[in-house]
Amino acid sequence: MADKTVKVHVSNLKKSFGKLEVLKDISMDIHEGEVVVLLGPSGSGKSTLLNMLGGLDIPTSGEIKIQGKKLSDLNDEQLTIFRRRSIGFIFQNYSLLQSLTMYENIIAPLSLQKKKVIEMKKKAIELAKLLNIEHTLDKFPNECSGGEKQRAAIARALITNPKLIVADEPTGNLDSKNSHELLEMLKNMNTEESRTIIMVTHDPQIASYSSKLIYITDGKIVKELERKNMSQKDYFYEIMKITSTDAQLFF
Ligand code: ADP
Ligand code: MG
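Residues numbered from 1 in each chain as written. Chains lettered and ligands numbered in written order. Predicted model: local features only at pLDDT ≥ 70, side-chain atom pairs only at ≥ 80, totals over all residues. Heavy atoms only, no water.

Chemist: Could you give an account of unusual backbone geometry, with specific residues and numbers?
Modeler: Despite not being glycine, Asn-12 has its phi angle at roughly 50°, a positive value. Tracing the sequence through the fold places Asn-12 in strand β1 (residues 6-17). For Asn-12, a relative accessible area of 44% gives the class partly exposed. The residue Asn-161 is not glycine, and still its phi comes out positive at about 55°. Mapped onto the elements of the fold, Asn-161 is located in the loop between α5 (146-158) and β7 (164-168). (Helix = DSSP H or I, 4+ residues; strand = E, 2+ residues; numbered from the N terminus. Buried < 20%, exposed > 50% of the residue type's maximum accessible area, 1.4 Å probe, protein only.)

Chemist: Outline the site of ligand 1, supporting the account with residue identities and numerical values.
Modeler: Within the structure, ligand 1 sits among Phe-17, Leu-20, Val-22, Pro-41, Ser-42, Gly-43, Ser-44, Gly-45, Lys-46, Ser-47 and Thr-48. A distance of 3.2 Å is found between an oxygen atom of ligand 1 and a backbone nitrogen or oxygen belonging to Ser-44. Here Ser-47 contributes a side-chain N or O atom positioned 2.8 Å from an oxygen atom of ligand 1. Contact with the protein chains hides 56% of the accessible area of ligand 1, taken as 560 Å² for the molecule alone. Counting only elements with at least two residues in the shell around ligand 1, the list comes to β2 (20-31) and α1 (46-53). Here the element with the most residues in the shell around ligand 1 is α1; it accounts for three residues. (Near = heavy atom within 4 Å. Polar contact = N/O pair within 3.5 Å; in protein donor to acceptor, adjacent residues only side chain to side chain. Areas by Shrake-Rupley, 256 points an atom, 1.4 Å probe, with all protein chains shown as cover.)

Chemist: Quick one: what's the story with the pairing of strand β3 (residues 35-39), residue by residue and with numbers?
Modeler: Most of β3 sits out of view: five of its five residues are buried. The pairing of β3 with strand β8 (residues 196-201) spans five bridges and is parallel. Bridge assignment links Val-35 to a residue of β8, and that residue is Ile-197. For β3 and strand β9 (residues 212-217), the ladder comprises four bridges, and the chain directions are parallel. Across the sheet, Val-37 pairs through a bridge with Leu-213, a residue of β9. (Pairing = 2+ DSSP bridges.)

Chemist: Residue-level account of α1, with values.
Modeler: Of all eight residues that make up α1, six are buried, and the element is covered over most of its length. Among the residues of α1, Lys-46, Thr-48, Leu-49, Leu-50, Met-52 and Leu-53 are the ones counted as buried. Residue Gly-55 follows α1 closely and has a positive phi angle near 70°.

Chemist: Would you mind going over the packing of aromatic side chains in detail, with residue names and values included?
Modeler: Evaluated as defined, the whole model comprises two aromatic pairs. Aromatic pair Phe-89 and Phe-91: ring centres 5.9 Å apart, planes at 5°, arrangement stacked. Aromatic side chains Phe-236 and Tyr-237 sit 5.9 Å apart centroid to centroid with 50° between the ring planes, which places their arrangement in the tilted category. Taking relative accessible area as the criterion, Phe-236 reaches 22% and is therefore assigned partly exposed. Assessed through its relative accessible area of 45%, Tyr-237 is described here as partly exposed. (Phe/Tyr/Trp six-rings, centres within 6.5 Å; stacked < 30°, edge-to-face > 60°.)

Chemist: Tell me about the sheet that holds strand β6 (residues 87-90), and name the residues and values.
Modeler: If you trace the six strands from one edge of the open sheet to the other, you get β6-β7-β8-β3-β9-β10, paired in mixed fashion. What marks the edges here is a single partner per strand, and that holds for β6 and β10 (220-226). Within the sheet, the average angular offset between the axes of one strand and its neighbour, ignoring direction, is 15°. The pairing of β6 with β7 spans four bridges and is classified as parallel. Its bridge partner being in β7, Ile-87 is matched across the sheet by Leu-164. The sheet strands contacting α1 are β3, β6, β7, β8 and β9, and the helix crosses β8 at an angle near 155°. (Axes fitted to C-alpha atoms, helices over the stretch in contact; angles between N-to-C directions. Contact = heavy atoms within 4.5 Å.)

In C-alpha cells, the structure reads:
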C-alpha cells in the first residue's frame, strides 16, 4: 500500500571491511507493520545489513533513517539510547546471561530504564505467560531447553515494547516444530500491535512467514517479493523459485 508509514529507509548503503566490499549499494523501504525477511545464502551480507539497521555497526557510505531519524546524525550516546528505547534485538545464540535467572534476563533492558520493580515484574510475567515460559522464570538459562531460552530472548526483546524488532536467524537453534510455533507467535504479536519485524534467515520455509521478502546475494538486493494475498504455501513456492534460480547461477 502506498500510504503506509515508512519505518526504515535505506539508501545507497555500502559497507566494506578493509578491502572486502560486503554491501554494495542497498536501497529499500520497510513499512510499519511489515514482517520483512532478509533471505540469502550464507556470507551474502544479511547480518551485516541487519546490524547496521539496528545501529550496531556504521555504514561505509549511504543513509539509514528509522522513523524519519537519520542514524548518522546521532552520536554514540544518542544511538545507544535510541537503540534501547526503540529496537528489540533477537540473536541466534540467545545471548542470555548465564549468571542471571530467566526472569532477571528478561527484565534486564527495563532496569536500564530505571523502571519500578513492580512494573517490571508485571510485564515480565505477562510476556512469559504469552510465550509459555512462566514456569522457567526462577531457573537459570542452563536449566532450560533451547526453545525456552529462545523464547526468553524474545521476551527480553519485547519487554520495552519496541515498535521495531530485528532478529538474526532467531530459529537457528530450534527444531522445526519449535521454529514454526515461534514464528506463529511472532506473527500474531505483530498483527496485534503493529510492530515492524525484520528477520534474517537462509531458510525459505522460515521466510514464508514474512509479509515481504528481500532476497540478497553477494551484498546486493536481487529480488523483492510481497506476499499480498498469496497463501503461505504458494508464497513458499514463489520463494523457492527465487532461491533455485539463484542456485542455477552457481551450479
Ligand atoms: P550472512 O549473515 O549473510 O551470512 P555476513 O553479513 O555475516 O553474512 O557476512 C558477509 C561477509 O562479510 C562475509 O564474507 C564475512 O566474512 C564478512 N564480514 C562480516 N563481518 C565482518 C567483520 N567484522 N570483519 C571482516 N569481515 C566481516
Ligand atoms: Mg548471518
